[in-house]
Amino acid sequence: FSFPLVNAGPFTLTATDATASEAGNDTGRFTVSRSGDTTTALEVAYTVSGNALHGTDYLALPGFLTIPAGQSSADIVIVPVDDAQGEPAQTVVLQ
């Protein structure tokens, strides 16, 4: 898996671990960061695309992330599903 990025909104989205693999339970990770006032929680909605199948090739994602009050970032973890099928490289895109 690889993780291209599309940023929009009052936050940044970074692939802090831009590769994942079914073999060895190697997860991928996006970090959503915000700047400025952190006194309240910030809910960030996102969509998922790419050629990896959401909920089949990796565990389903809820489509939103809450950065808790007092924190400037939170992570979205991509957990590949090891289906023992030979597959070409796939992508997961968050925007």
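Remember, predicted model here, so these are calculated numbers, not experimental data.

The rules behind the values
Residues numbered from 1 in each chain as written. Predicted model: local features only at pLDDT ≥ 70, side-chain atom pairs only at ≥ 80, totals over all residues. Heavy atoms only, no water. Salt bridge = Lys/Arg side-chain N within 4 Å of Asp/Glu carboxyl O. Helix = DSSP H or I, 4+ residues; strand = E, 2+ residues; numbered from the N terminus. Buried < 20%, exposed > 50% of the residue type's maximum accessible area, 1.4 Å probe, protein only. Polar contact = N/O pair within 3.5 Å; in protein donor to acceptor, adjacent residues only side chain to side chain. Pairing = 2+ DSSP bridges. Axes fitted to C-alpha atoms, helices over the stretch in contact; angles between N-to-C directions. pLDDT = per-residue confidence, 0-100. Contact = heavy atoms within 4.5 Å. Core = buried A, V, L, I, M, F, W, Y, C linked by side-chain atoms within 4.5 Å.

How should the pattern of salt bridges be read in this particular structure?
Oppositely charged side chains can pair when the atoms bearing their charge come close. The tally for this structure, following the rule as stated, stands at one salt bridge. Between Arg 29 and Asp 75 there is a salt bridge, with its nearest N and O atoms 3.3 Å apart. Placement of the pair is Arg 29 in strand S2 (residues 28–34) and Asp 75 in strand S6 (residues 73–78), with a sequence separation of 46 residues. A relative accessible area of 29% means that Arg 29 is categorised as partly exposed.

Hey, could you run me through the side chain of Gln 90 in this one?
Structurally, Gln 90 is set in the loop between S6 and strand S7 (93–94). Looking at Gln 90, its side chain comes within polar contact range of the side chain of Asp 57, at 3.1 Å.

Explanation requested: the sheet that holds strand S1 (residues 11–17) in the structure shown.
Ordered in space as S1-S2-S6, the three strands form an open sheet in which the pairing is antiparallel. Each having just a single partner strand, S1 and S6 make up the two edges of the open sheet. If you compare each strand with its neighbour and ignore which way they point, the axes differ by 25° on average. Across six bridges, S2 lies against S6 in antiparallel orientation.

I'm lost on the confidence of the model for the chain in this one. Help?
Low pLDDT marks stretches whose predicted atomic positions should not be read closely. When pLDDT is averaged along the chain, the result is 84; 91% of the residues meet or exceed 70. Within the chain, no element has a lower average pLDDT than S7, which sits at 86, and none a higher one than S6, at 96. When the criterion is pLDDT under 50, residues 1–8 qualifies, and its contacts beyond four places in sequence or with other chains add up to 38 contacts.

Would you mind showing me how to read the environment of Gly 55 here?
Along the chain, Gly 55 turns up in the loop between strand S4 (48–49) and strand S5 (64–67). Taking the C-alpha atoms as reference, Gly 55 lies 25 Å from Ser 73; in sequence the two are 18 residues apart.

What should I look at first to understand the nonpolar core in this one?
Inside soluble globular proteins, nonpolar side chains tend to come together where they are buried. Ranked by size, the top nonpolar core spans 17 residues in total, and within it Phe 30, Val 32, Leu 61, Ile 76, Ile 78 and Leu 94 carry the most contacts. The set of elements that each furnish at least two residues to this core consists of S1, S2, S5 and S6. Sequence-distant contacts of Leu 61, that is, excluding residues within four places in its chain, are made with Tyr 46, Val 48, His 54, Ile 76, Val 77, Ile 78 and Leu 94.

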